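# Residue-level structure breakdown
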Amino acid sequence: MSQVLDTPPPIQAPADDLKALAARHGLSVSGARPSLPEYVRQLWARRHFITAFATAKLTAQYSEAKLGQVWQVMTPLLNAAVYYFIFGVLLGTKKGVPDYIPFLVTGVFVWTFTQSSIQVGTRAISGNLGLVRALHFPRAALPISFCIQQLQQLLFSMAALVVILLCFGVPVSASWLLVIPALVLQFTFNAGVAMIMARWGAKTPDIAQLMPFILRTWMYVSGVMWSIDKLTKKDHLPHVVMVLLQTNPAAVYIDLMRFALIDSFHAKQLPPHVWPIAVGWALLAGLGGFIYFWKSEETYGRG
(Lines give C-alpha, C1' and ligand atoms only; values in the text may rest on other atoms or scores of the structure.)
Protein backbone atom coordinates (compact mmCIF):
# COMPACT_ATOMS: atom_id res chain seq x y z
CA MET A 1 0.00 0.00 0.00
CA SER A 2 2.77 2.41 0.89
CA GLN A 3 4.57 1.61 -2.35
CA VAL A 4 1.50 2.63 -4.34
CA LEU A 5 1.12 5.88 -2.43
CA ASP A 6 4.79 6.71 -2.80
CA THR A 7 4.87 6.16 -6.57
CA PRO A 8 5.90 9.46 -8.19
CA PRO A 9 3.59 10.90 -10.86
CA PRO A 10 4.54 10.29 -14.50
CA ILE A 11 6.89 12.85 -15.96
CA GLN A 12 5.22 14.90 -18.72
CA ALA A 13 7.31 16.27 -21.52
CA PRO A 14 7.20 20.05 -21.89
CA ALA A 15 4.96 21.29 -24.68
CA ASP A 16 7.94 22.89 -26.43
CA ASP A 17 9.72 19.52 -26.55
CA LEU A 18 6.63 17.89 -28.07
CA LYS A 19 6.39 20.61 -30.71
CA ALA A 20 10.07 20.16 -31.54
CA LEU A 21 9.62 16.40 -31.76
CA ALA A 22 6.63 16.78 -34.08
CA ALA A 23 8.49 19.26 -36.27
CA ARG A 24 11.51 16.96 -36.45
CA HIS A 25 9.37 14.16 -37.83
CA GLY A 26 7.33 16.35 -40.18
CA LEU A 27 4.08 16.21 -38.19
CA SER A 28 1.54 19.03 -38.10
CA VAL A 29 -1.81 19.74 -36.46
CA SER A 30 -4.66 18.05 -38.31
CA GLY A 31 -6.81 20.65 -40.06
CA ALA A 32 -4.56 23.55 -39.04
CA ARG A 33 -5.15 26.81 -40.87
CA PRO A 34 -2.44 27.49 -43.46
CA SER A 35 -0.97 30.91 -44.02
CA LEU A 36 -2.95 33.21 -46.30
CA PRO A 37 -0.52 32.93 -49.28
CA GLU A 38 -0.46 29.14 -48.90
CA TYR A 39 -4.25 29.09 -48.69
CA VAL A 40 -4.50 31.02 -51.96
CA ARG A 41 -2.01 28.61 -53.55
CA GLN A 42 -4.08 25.60 -52.43
CA LEU A 43 -7.24 27.16 -53.86
CA TRP A 44 -5.55 27.83 -57.19
CA ALA A 45 -4.29 24.25 -57.32
CA ARG A 46 -7.89 23.06 -56.98
CA ARG A 47 -9.35 25.46 -59.54
CA HIS A 48 -10.36 22.58 -61.83
CA PHE A 49 -12.25 20.89 -59.00
CA ILE A 50 -14.02 24.17 -58.18
CA THR A 51 -15.27 24.71 -61.73
CA ALA A 52 -16.15 21.03 -62.25
CA PHE A 53 -18.07 20.96 -58.97
CA ALA A 54 -20.00 24.09 -59.98
CA THR A 55 -20.88 22.64 -63.39
CA ALA A 56 -22.00 19.34 -61.87
CA LYS A 57 -24.24 21.12 -59.35
CA LEU A 58 -25.77 23.25 -62.11
CA THR A 59 -26.44 20.19 -64.29
CA ALA A 60 -28.02 18.27 -61.42
CA GLN A 61 -30.15 21.21 -60.25
CA TYR A 62 -33.03 20.52 -62.64
CA SER A 63 -32.22 16.91 -63.53
CA GLU A 64 -35.55 15.62 -62.19
CA ALA A 65 -37.69 18.23 -63.98
CA LYS A 66 -39.18 17.30 -67.34
CA LEU A 67 -38.05 20.56 -68.91
CA GLY A 68 -34.59 20.13 -67.41
CA GLN A 69 -32.18 22.98 -67.98
CA VAL A 70 -34.91 25.11 -69.59
CA TRP A 71 -35.84 26.15 -66.05
CA GLN A 72 -32.53 27.99 -65.78
CA VAL A 73 -34.06 30.58 -68.11
CA MET A 74 -37.74 30.12 -67.30
CA THR A 75 -37.42 30.79 -63.56
CA PRO A 76 -36.09 34.39 -63.80
CA LEU A 77 -38.40 35.08 -66.76
CA LEU A 78 -41.46 34.00 -64.77
CA ASN A 79 -40.29 36.14 -61.84
CA ALA A 80 -39.95 39.09 -64.20
CA ALA A 81 -43.47 38.48 -65.54
CA VAL A 82 -44.91 38.49 -62.01
CA TYR A 83 -43.04 41.67 -61.08
CA TYR A 84 -44.17 43.34 -64.31
CA PHE A 85 -47.83 42.63 -63.56
CA ILE A 86 -47.64 43.72 -59.91
CA PHE A 87 -45.29 46.68 -60.09
CA GLY A 88 -45.44 47.74 -63.72
CA VAL A 89 -49.18 47.37 -64.32
CA LEU A 90 -50.91 47.50 -60.94
CA LEU A 91 -48.58 49.97 -59.17
CA GLY A 92 -47.61 51.90 -62.28
CA THR A 93 -43.82 51.95 -61.74
CA LYS A 94 -43.29 51.66 -65.51
CA LYS A 95 -44.53 55.23 -66.06
CA GLY A 96 -41.68 57.46 -67.19
CA VAL A 97 -39.24 54.53 -67.55
CA PRO A 98 -38.27 53.96 -71.22
CA ASP A 99 -37.93 50.32 -72.33
CA TYR A 100 -39.48 49.18 -69.08
CA ILE A 101 -39.55 45.47 -69.90
CA PRO A 102 -35.80 45.31 -70.77
CA PHE A 103 -35.22 47.56 -67.73
CA LEU A 104 -37.15 45.13 -65.49
CA VAL A 105 -35.79 41.87 -66.91
CA THR A 106 -32.20 43.11 -66.63
CA GLY A 107 -32.80 44.07 -63.01
CA VAL A 108 -34.41 40.71 -62.17
CA PHE A 109 -31.63 38.66 -63.80
CA VAL A 110 -28.80 40.64 -62.19
CA TRP A 111 -30.50 40.67 -58.78
CA THR A 112 -31.15 36.91 -58.97
CA PHE A 113 -27.41 36.39 -59.42
CA THR A 114 -26.64 38.20 -56.16
CA GLN A 115 -29.59 36.72 -54.28
CA SER A 116 -28.87 33.11 -55.26
CA SER A 117 -25.12 33.44 -54.61
CA ILE A 118 -25.73 34.62 -51.05
CA GLN A 119 -28.41 32.01 -50.38
CA VAL A 120 -26.31 29.05 -51.50
CA GLY A 121 -23.23 30.57 -49.86
CA THR A 122 -24.99 30.61 -46.50
CA ARG A 123 -25.42 26.82 -46.70
CA ALA A 124 -22.05 26.14 -48.34
CA ILE A 125 -20.52 24.63 -45.18
CA SER A 126 -23.53 23.60 -43.10
CA GLY A 127 -25.15 21.87 -46.07
CA ASN A 128 -22.02 19.94 -47.09
CA LEU A 129 -20.68 18.69 -43.77
CA GLY A 130 -20.15 15.18 -45.12
CA LEU A 131 -17.79 16.50 -47.79
CA VAL A 132 -16.09 18.90 -45.38
CA ARG A 133 -15.41 16.15 -42.82
CA ALA A 134 -14.40 13.47 -45.31
CA LEU A 135 -11.90 15.36 -47.47
CA HIS A 136 -9.11 17.84 -46.83
CA PHE A 137 -9.31 20.89 -49.09
CA PRO A 138 -9.53 24.67 -48.64
CA ARG A 139 -13.11 25.23 -47.51
CA ALA A 140 -13.41 28.49 -49.46
CA ALA A 141 -13.66 26.27 -52.53
CA LEU A 142 -17.29 25.57 -51.62
CA PRO A 143 -18.78 29.11 -51.50
CA ILE A 144 -16.67 30.13 -54.49
CA SER A 145 -17.86 27.09 -56.43
CA PHE A 146 -21.49 27.85 -55.62
CA CYS A 147 -21.02 31.43 -56.83
CA ILE A 148 -19.52 30.13 -60.08
CA GLN A 149 -22.59 27.92 -60.44
CA GLN A 150 -24.83 30.99 -60.14
CA LEU A 151 -22.66 32.87 -62.63
CA GLN A 152 -23.05 30.02 -65.11
CA GLN A 153 -26.81 30.14 -64.62
CA LEU A 154 -26.80 33.91 -65.20
CA LEU A 155 -24.95 33.41 -68.48
CA PHE A 156 -27.74 31.08 -69.64
CA SER A 157 -30.26 33.75 -68.67
CA MET A 158 -28.26 36.42 -70.49
CA ALA A 159 -28.90 34.59 -73.76
CA ALA A 160 -32.64 35.02 -73.17
CA LEU A 161 -32.07 38.63 -72.12
CA VAL A 162 -30.33 39.40 -75.42
CA VAL A 163 -33.33 38.02 -77.32
CA ILE A 164 -35.69 40.20 -75.23
CA LEU A 165 -33.57 43.30 -75.85
CA LEU A 166 -33.55 42.71 -79.60
CA CYS A 167 -37.30 42.01 -79.67
CA PHE A 168 -37.98 45.36 -77.99
CA GLY A 169 -35.80 47.25 -80.42
CA VAL A 170 -32.72 47.75 -78.24
CA PRO A 171 -29.77 47.87 -80.68
CA VAL A 172 -26.49 46.06 -80.23
CA SER A 173 -23.76 48.56 -79.33
CA ALA A 174 -20.17 48.72 -78.15
CA SER A 175 -21.39 49.49 -74.62
CA TRP A 176 -22.43 45.82 -74.32
CA LEU A 177 -18.73 45.07 -73.70
CA LEU A 178 -19.11 46.82 -70.33
CA VAL A 179 -21.05 43.75 -69.23
CA ILE A 180 -17.74 41.91 -68.74
CA PRO A 181 -16.14 44.22 -66.10
CA ALA A 182 -19.54 44.72 -64.45
CA LEU A 183 -20.00 40.95 -64.07
CA VAL A 184 -16.44 40.49 -62.80
CA LEU A 185 -17.00 43.10 -60.10
CA GLN A 186 -20.40 41.70 -59.18
CA PHE A 187 -19.05 38.14 -58.98
CA THR A 188 -16.24 39.30 -56.70
CA PHE A 189 -18.73 41.08 -54.46
CA ASN A 190 -21.11 38.09 -54.42
CA ALA A 191 -18.33 35.63 -53.61
CA GLY A 192 -17.09 37.78 -50.75
CA VAL A 193 -20.53 38.11 -49.17
CA ALA A 194 -21.15 34.38 -49.74
CA MET A 195 -17.97 33.55 -47.80
CA ILE A 196 -19.01 35.80 -44.92
CA MET A 197 -22.42 34.14 -44.83
CA ALA A 198 -20.84 30.68 -45.13
CA ARG A 199 -18.85 31.28 -41.94
CA TRP A 200 -21.92 32.58 -40.12
CA GLY A 201 -24.05 29.73 -41.45
CA ALA A 202 -21.49 27.16 -40.35
CA LYS A 203 -21.79 28.35 -36.74
CA THR A 204 -25.50 29.24 -36.75
CA PRO A 205 -27.46 27.25 -39.38
CA ASP A 206 -30.67 29.13 -38.47
CA ILE A 207 -29.31 32.15 -40.37
CA ALA A 208 -30.28 30.35 -43.57
CA GLN A 209 -33.93 30.59 -42.50
CA LEU A 210 -33.68 34.37 -42.10
CA MET A 211 -31.90 35.08 -45.37
CA PRO A 212 -35.00 34.98 -47.65
CA PHE A 213 -36.62 37.77 -45.60
CA ILE A 214 -33.45 39.85 -45.53
CA LEU A 215 -32.83 39.38 -49.25
CA ARG A 216 -36.43 40.19 -50.15
CA THR A 217 -36.17 43.47 -48.24
CA TRP A 218 -32.85 44.23 -49.94
CA MET A 219 -34.42 43.57 -53.34
CA TYR A 220 -37.19 46.11 -52.77
CA VAL A 221 -34.69 48.90 -52.04
CA SER A 222 -32.35 48.00 -54.93
CA GLY A 223 -34.38 49.39 -57.81
CA VAL A 224 -35.11 46.03 -59.41
CA MET A 225 -38.67 46.97 -60.36
CA TRP A 226 -38.48 50.77 -60.20
CA SER A 227 -36.10 53.59 -61.07
CA ILE A 228 -33.87 54.82 -58.24
CA ASP A 229 -32.94 57.82 -60.40
CA LYS A 230 -36.57 58.97 -60.59
CA LEU A 231 -37.07 58.56 -56.84
CA THR A 232 -33.89 60.38 -55.80
CA LYS A 233 -34.87 63.42 -57.89
CA LYS A 234 -37.78 64.07 -55.54
CA ASP A 235 -37.21 66.62 -52.79
CA HIS A 236 -38.99 64.77 -49.96
CA LEU A 237 -36.20 62.25 -49.40
CA PRO A 238 -33.49 63.01 -46.79
CA HIS A 239 -30.00 63.27 -48.25
CA VAL A 240 -28.71 60.28 -46.29
CA VAL A 241 -31.49 58.08 -47.75
CA MET A 242 -30.58 59.20 -51.27
CA VAL A 243 -26.92 58.36 -50.68
CA LEU A 244 -27.78 54.92 -49.28
CA LEU A 245 -30.03 54.14 -52.24
CA GLN A 246 -27.42 55.25 -54.77
CA THR A 247 -24.50 53.41 -53.14
CA ASN A 248 -26.43 50.22 -52.43
CA PRO A 249 -24.12 47.60 -54.02
CA ALA A 250 -26.95 45.55 -55.55
CA ALA A 251 -28.39 48.69 -57.15
CA VAL A 252 -24.96 49.77 -58.39
CA TYR A 253 -24.37 46.51 -60.27
CA ILE A 254 -27.91 46.48 -61.64
CA ASP A 255 -27.56 50.03 -62.95
CA LEU A 256 -24.20 49.25 -64.53
CA MET A 257 -25.72 46.34 -66.43
CA ARG A 258 -28.67 48.49 -67.54
CA PHE A 259 -26.29 51.20 -68.72
CA ALA A 260 -24.26 48.63 -70.66
CA LEU A 261 -27.22 46.93 -72.35
CA ILE A 262 -30.06 49.46 -72.71
CA ASP A 263 -29.39 52.49 -74.91
CA SER A 264 -32.22 54.50 -73.31
CA PHE A 265 -30.56 54.14 -69.88
CA HIS A 266 -28.15 57.09 -69.95
CA ALA A 267 -25.04 57.85 -67.92
CA LYS A 268 -26.84 60.68 -66.12
CA GLN A 269 -29.10 58.06 -64.51
CA LEU A 270 -26.12 56.42 -62.84
CA PRO A 271 -25.09 57.51 -59.35
CA PRO A 272 -21.99 59.74 -59.11
CA HIS A 273 -18.65 57.89 -59.27
CA VAL A 274 -20.44 54.63 -60.05
CA TRP A 275 -17.38 52.68 -61.25
CA PRO A 276 -15.21 53.55 -58.21
CA ILE A 277 -18.16 52.58 -55.99
CA ALA A 278 -18.53 49.25 -57.83
CA VAL A 279 -14.79 48.54 -57.53
CA GLY A 280 -14.80 49.57 -53.87
CA TRP A 281 -17.67 47.22 -52.98
CA ALA A 282 -16.00 44.36 -54.87
CA LEU A 283 -12.67 44.84 -53.09
CA LEU A 284 -14.25 45.38 -49.68
CA ALA A 285 -16.51 42.34 -49.87
CA GLY A 286 -14.19 40.14 -51.94
CA LEU A 287 -10.94 40.57 -50.02
CA GLY A 288 -12.60 41.17 -46.65
CA GLY A 289 -14.91 38.18 -47.02
CA PHE A 290 -12.07 35.91 -48.13
CA ILE A 291 -9.84 36.84 -45.17
CA TYR A 292 -12.78 36.63 -42.75
CA PHE A 293 -13.62 33.13 -44.01
CA TRP A 294 -9.97 32.00 -43.94
CA LYS A 295 -9.53 33.04 -40.30
CA SER A 296 -12.03 30.37 -39.26
CA GLU A 297 -10.79 27.68 -41.65
CA GLU A 298 -9.81 25.14 -38.97
CA THR A 299 -13.23 25.25 -37.27
CA TYR A 300 -15.39 24.21 -40.23
CA GLY A 301 -16.97 20.79 -39.85
CA ARG A 302 -16.18 20.47 -36.15
CA GLY A 303 -18.62 20.20 -33.27
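This one's a predicted model, so the numbers in the text were calculated from it and none came from an experiment.

Helix and strand counts for the chain stand at 14 helices and 0 strands. In sequence order, the chain lays out its α and β elements as α-α-α-α-α-α-α-α-α-α-α-α-α-α. Residues counted as buried form 44% of the 303 residues belonging to the chain. Restricting to contacts in the chain with at least 6 residues of sequence separation, those with at least 24 account for 79%. Accessible surface computed for the chain: about 16400 Å², of which carbon and sulfur atoms make up 68%.

A separate point is the UniProt feature "transmembrane region" (unreviewed entry) in the chain. In the numbering used here, UniProt assigns the "transmembrane region" (unreviewed entry) feature to residues 73-93, 100-118, 154-172, 178-198, 210-228, 240-261 and 273-294. End-to-end, the C-alpha atoms of residues 73-93 are 24 Å apart, and along that stretch the chain is 86% helix and 0% strand. The straight-line gap between the two end C-alpha atoms of residues 210-228 is 26 Å; of that span, 63% is helix and 0% is strand.

Moving on: the side chain of Gln150. Within the secondary structure, Gln150 sits in helix H8 (residues 141-167). With relative accessibility at 7%, the residue Gln150 sits in the buried group. Leaving out residues up to four positions away in the same chain, Gln150 has contacts with Phe113, Ser116, Ser117 and Val120.

Right, let's get into the packing of aromatic side chains. A full pass over the atoms with the stated rule returns 11 aromatic pairs. For the ring pair Phe53 and Phe146, a centre distance of 5.9 Å and an interplane angle of 65 degrees mean the geometry is edge-to-face. Of the two residues, Phe53 sits in helix H4 (residues 47-61) while Phe146 sits in helix H8, which places them 93 residues apart along the sequence. For the pair formed by Phe53 and Phe146, the shared burial category is buried. Counting every residue linked through ring pairs, the aromatic cluster contains Trp111, Phe189, Trp218, Tyr253 and Trp281.

Between its terminal C-alpha atoms helix H13 (residues 249-261) stretches 19 Å, which fits the 18 Å expected from 13 residues at 1.5 Å a residue. When you tally the buried positions in H13, you get 12 out of 13 residues, the bulk of the element. Along H13, the positions that sit buried rather than exposed are Pro249, Ala250, Ala251, Val252, Tyr253, Ile254, Asp255, Leu256, Met257, Arg258, Ala260 and Leu261. N-capping of H13 is provided by Asn248, with a side-chain oxygen placed 3.2 Å from the backbone N of Ala250.

Scanning all chains against the criterion turns up 2 salt bridges. Among the ionic pairs, Glu38 bridges to Arg41, the shortest N-O distance being 2.7 Å. Note that Glu38 and Arg41 are positioned in helix H3 (residues 36-45) at a spacing of 3 residues, about one turn of the helix. Measuring nitrogen to oxygen at the nearest pair gives 3.7 Å for the salt bridge that ties Asp255 to Arg258.

Before going further, it helps to spend a moment on the side chain of Ser264. Topologically, Ser264 is positioned in the loop between H13 and helix H14 (274-294). With a relative accessible area of 14%, Ser264 lands in the buried category. A distance of 2.6 Å separates polar atoms of two side chains, one belonging to Ser264 and the other to Asp99.

In contact at an axis separation of 10 Å, helix H6 (residues 100-122) and helix H10 (residues 207-220) are set at 165 degrees when each is read in the N-to-C sense. Considering their axes alone, H6 and H10 lie roughly antiparallel with respect to each other. Of the two possible hands of crossing, H6 and H10 adopt the one that is right-handed. Facing Trp111, Thr114, Gln115, Ile118, Gln119 and Thr122 of H6, the residues of H10 in contact are Ile207, Ala208, Met211, Pro212, Leu215, Trp218 and Met219. The class makeup of the residues in the contact of H6 with H10 is 9 nonpolar, 4 polar and no charged.

Take the environment of Ile125 next. Examined against the element boundaries, Ile125 turns out to sit in the loop between H6 and helix H7 (129-134). Overall, Ile125 belongs to the buried group, its relative accessible area being 1%. When the C-alpha positions of Ile125 and Tyr300 are compared, they lie 7.1 Å apart, and in sequence the two are 175 residues distant. Setting aside residues up to four positions removed in sequence, Ile125 forms contacts with Val132, Arg139, Leu142, Ala198, Ala202, Phe293 and Tyr300.

On to unusual backbone geometry. Backbone geometry places Asp99, a non-glycine residue, at a positive phi of 50 degrees. In this structure, Asp99 sits in the loop between helix H5 (71-90) and H6. The phi dihedral of His273 falls on the positive side, at around 55 degrees, and the residue is not glycine. Counting through the fold element by element, His273 comes out in the loop between H13 and H14.

Thresholds, definitions, all that
Residues numbered from 1 in each chain as written. Predicted model: local features only at pLDDT ≥ 70, side-chain atom pairs only at ≥ 80, totals over all residues. Heavy atoms only, no water. Helix = DSSP H or I, 4+ residues; strand = E, 2+ residues; numbered from the N terminus. Buried < 20%, exposed > 50% of the residue type's maximum accessible area, 1.4 Å probe, protein only. Contact = heavy atoms within 4.5 Å. Areas by Shrake-Rupley, 256 points an atom, 1.4 Å probe, with all protein chains shown as cover. UniProt positions renumbered as here; feature names shortened; annotations may be inferred. Phe/Tyr/Trp six-rings, centres within 6.5 Å; stacked < 30°, edge-to-face > 60°. Expected span 1.5 Å × (residues − 1). Polar contact = N/O pair within 3.5 Å; in protein donor to acceptor, adjacent residues only side chain to side chain. Salt bridge = Lys/Arg side-chain N within 4 Å of Asp/Glu carboxyl O. Axes fitted to C-alpha atoms, helices over the stretch in contact; angles between N-to-C directions. Parallel < 35°, antiparallel > 145°, perpendicular 65-115°, else oblique. Left-handed = near helix turned anticlockwise from the far one by under 90°. Nonpolar A, V, L, I, M, F, W, Y, C, P; charged D, E, K, R; others polar.

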